[in-house]
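# Per-entry structural report
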Amino acid sequence: MNRKLLLGIAVLCILVFAVASVSAITFRTERFSLNGTGSFMAHPPTFAGQFTGGTLFPGTFWISFDDAGWPADDSGTPQNERLDYVIAHYFHYDATVGGESWDGYFPPSASGEPMPMWRFYTAAGDTLGGSCTQITITINDLNANAIMEASEYAAKVISGNMVAYINYGGGCFRNFCGTGSFSGTLNVVNAQTMEEELYVPSPSLPSGRLYMKDGGCTVGVESSSWGTIKSIYR
Amino acid sequence: MIMKGNIVIALFLLAGVVLSPVCASAQLPEALSVQFEFEGMGNAMINSLPVYAGAIIAGDPLVLGADWWIRIDDSTWPPASNPQARWDYLFNNFAVHDAPSFSWTIVFDEQSCATKPVWEIHHATNGMMSGTLVVVVTFTDWNQNCILDIEERMLAMYSGNLIVMKYGTGIFAGYCGLGSFNGSIQNSDPANWADEYVEGSCFLNLQNCQVGTRESSWTAIKSMYR
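All values reported here derive from a predicted model rather than from experimental measurement.

## Observations concerning the overall build of chain B
Helix and strand content of chain B: three helices and 11 strands. Buried residues in chain B amount to 39% of all 226 residues.

The structure is reproduced here in structure tokens:
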């Protein structure tokens, strides 16, 4: 009888501690919109700018691509060797009738190449950072001729999925990790320098998302703790 | 008197000819940006074809209240009657594990599927637009054990880009362009193949593709990349 009582108390204690540890996790949903500039001609190609809205406003950001192996543009030739390489290495053509376009994946699927990195810095001193598991850039072949004209390259769309690492979290995000996504446009604003504007809409309806939590961010977390949480973000 | 009447009719017709292009262009601006938020449900494991569908719940009045759907070609997948085999096939053939970021990423496009995924937005009064899209889904390995645990399938991020084909109707007739979207997928019970809730944001950059001379003017521009 005593053994059963002790066993019951032990199970109860485990349950109480388990529930306590789950409820101790803080979940935060952050929304953001961005506006910045950058260029694939730069080394490394980095797009940086400001938050224009959302829960992290005001603040700054950067997203940087890994350009290992990218050639420099040879100013002595008419073509842009660097951009030619980017198009050839990352993009593929989709000939679907009516939807002709190029899709570029950074990094290419299953390539094992380094992912783009990102950092957010709020004016309040909080920081977030991590990598983009994939950034997708799409260019419309408006005249369906399978040739990428400068005007077609100039107006693109971009989207990506993000992972936030605890070791880049600072300020109020010091113990947080998470995941997120963003989408917007990437348009050439200076054809001479190939500077481009990254725009993630919008100040009034921020579309970027980060789902952050301050538990289970290190190796060894009990995966079962997630199982007890139901529809946490509804 | 009859002569004056003819002149009035002629002037009326002339005014009609002059004003009609003005009215047409007023109805169809050269460029149009549309941003909105959406939500919906879907289940790729137990439904064939996988369709995620819902409503546009905020944003531009042009599409507010519209229905949307996306459809993924599953002709190469195991049948929906065996969701476990279907999941295993998808995970083993579509999911790419990235150890440094502790994540798996799945791309649905014309290379991983038999045909590219397609989408449609239908507004009861403003019309319809449609096209193709790429969908990229990322699961996170929260406990960093290189195993996608059932609990880790409860939340995934997605993003993607879409093409707006020039086959729209109503207000959207003649428009084509590009768009991008992102959001989250939430599954309260992946072990039992529960329906998935999706929510997200979308931004469309539309332009008037009805002008016939546009195509010839594009081809006249020196090509950048072959």
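## Brief notes about the overall build of chain A
From N to C terminus, chain A includes four helices and 12 strands. The buried share of chain A, taken over its 234 residues, is 39%. In chain A, the proportion of contacts linking residues at least 24 apart, taken out of those at least 6 apart, comes to 57%.

## Side note on the interface of chain B and chain A
Each side of the interface is counted separately: chain B has 57 residues, and chain A has 57 residues. Tallied by class, residues from the side of chain B that touches chain A come to 21 nonpolar, 26 polar and 10 charged.

## Describing the environment of alanine 110 of chain A
Along the chain, alanine 110 of chain A turns up in the loop between β5 (101-106) and β6 (117-122). Separated by 81 residues in sequence, alanine 110 of chain A and alanine 191 of chain A place their C-alpha atoms 32 Å apart.

## Comments concerning the environment of methionine 162 of chain A
Residue and element names in this part refer to chain A. The residue methionine 162 is located in strand β9 (residues 155-164) in this model. Between the C-alpha atom of methionine 162 and that of tyrosine 105, which follows or precedes it by 57 residues, the distance is 14 Å. When neighbours within four sequence positions are excluded, methionine 162 is seen to be in contact with Trp118, Gly130, Cys132, Thr179, Gly180, Ser181, Phe182 and Leu210.

## Description of the environment of glycine 98 of chain A
Take glycine 98 of chain A: it is sitting in the loop between β4 (91-94) and β5. Sequence separation between glycine 98 of chain A and alanine 191 of chain A is 93 residues, and the spatial gap between their C-alpha atoms is 28 Å. If sequence neighbours within four positions are ignored, glycine 98 of chain A has contacts with Met165 and Tyr167 of chain B.

## Quick look at the pairing of strand β4 (residues 95-98) of chain B
Both faces of the sheet carry side chains from a regular strand, because those side chains alternate between them. All names here are of chain B. Here β4 pairs with strand β5 (residues 103-108) via four bridges, running antiparallel. Its bridge partner being in β5, histidine 97 is matched across the sheet by tryptophan 104. Where β4 folds back onto β5 in an antiparallel hairpin, the turn is made up of four residues, including phenylalanine 102, whose phi is positive at roughly 50°.

## Quick word on the confidence of the model for chain A
The predicted coordinates of low-pLDDT regions are not to be read in fine detail. All names here are of chain A. Mean pLDDT over chain A: 88, with 83% of residues reaching 70 or higher. In the predicted structure, residues 15-20 sits below a pLDDT of 50 and forms zero contacts with residues beyond four places in sequence or in another chain. Confidence drops under a pLDDT of 50 for residues 219-234, and excluding neighbours within four residues, the segment shows 29 contacts in the predicted structure.

## Let's talk about helix α2 (residues 81-90) of chain A
The complete set of buried residues in α2 of chain A reads Arg82, Val86, Ile87 and Tyr90 of chain A. Buried residues of α2 of chain A, seen end-on, are gathered within an arc of 135° and therefore sit on one face of the element.

## Considering unusual backbone geometry
The peptide bond linking histidine 43 of chain A to proline 44 of chain A adopts the cis configuration, its omega dihedral lying at -10°. Within the secondary structure layout, proline 44 of chain A lies in the loop between β1 (27-38) and β2 (46-54). With omega at 0°, the peptide bond leading from phenylalanine 106 of chain A into proline 107 of chain A counts as cis. For alanine 110 of chain A, which is not glycine, the phi torsion reads 60° and is therefore positive. A positive phi is found at tryptophan 193 of chain B, a non-glycine position, where the angle reads about 55°. Within the fold, tryptophan 193 of chain B resides in the loop between β9 (175-186) and β10 (196-208).

## Let's talk about the pairing of β1 of chain A
Residues and elements named next belong to chain A. Taken together, the six bridges between β1 and strand β12 (residues 208-213) define a ladder with antiparallel strand orientation. Along β12, the bridge assignment pairs arginine 31 with arginine 209. The sheet contact formed by β1 and β2 spans six bridges and is antiparallel. Bridge pairing in β2 links leucine 34 to phenylalanine 51. Sheet topology note: the β1/strand β11 (residues 195-200) ladder contains five bridges and is antiparallel. Opposite glycine 38, over in β11, you have glutamate 196 as the bridge partner.

## Observations concerning the confidence of the model for chain B
Looking at chain B, pLDDT values average 86 and 81% of them are 70 or higher. The ipTM for the predicted assembly is 0.85, set against a pTM of 0.85.

Reading the values: rules and limits
- Residues numbered from 1 in each chain as written.
- Chains lettered and ligands numbered in written order.
- Predicted model: local features only at pLDDT ≥ 70, side-chain atom pairs only at ≥ 80, totals over all residues.
- Helix = DSSP H or I, 4+ residues; strand = E, 2+ residues; numbered from the N terminus.
- Buried ≥ 20, exposed ≤ 12 C-beta atoms within 10 Å, placed from the backbone.
- Contact = placed C-beta atoms within 7 Å.
- Nonpolar A, V, L, I, M, F, W, Y, C, P; charged D, E, K, R; others polar.
- Pairing = 2+ DSSP bridges.
- pLDDT = per-residue confidence, 0-100.
- Arc of directions from axis to C-beta.

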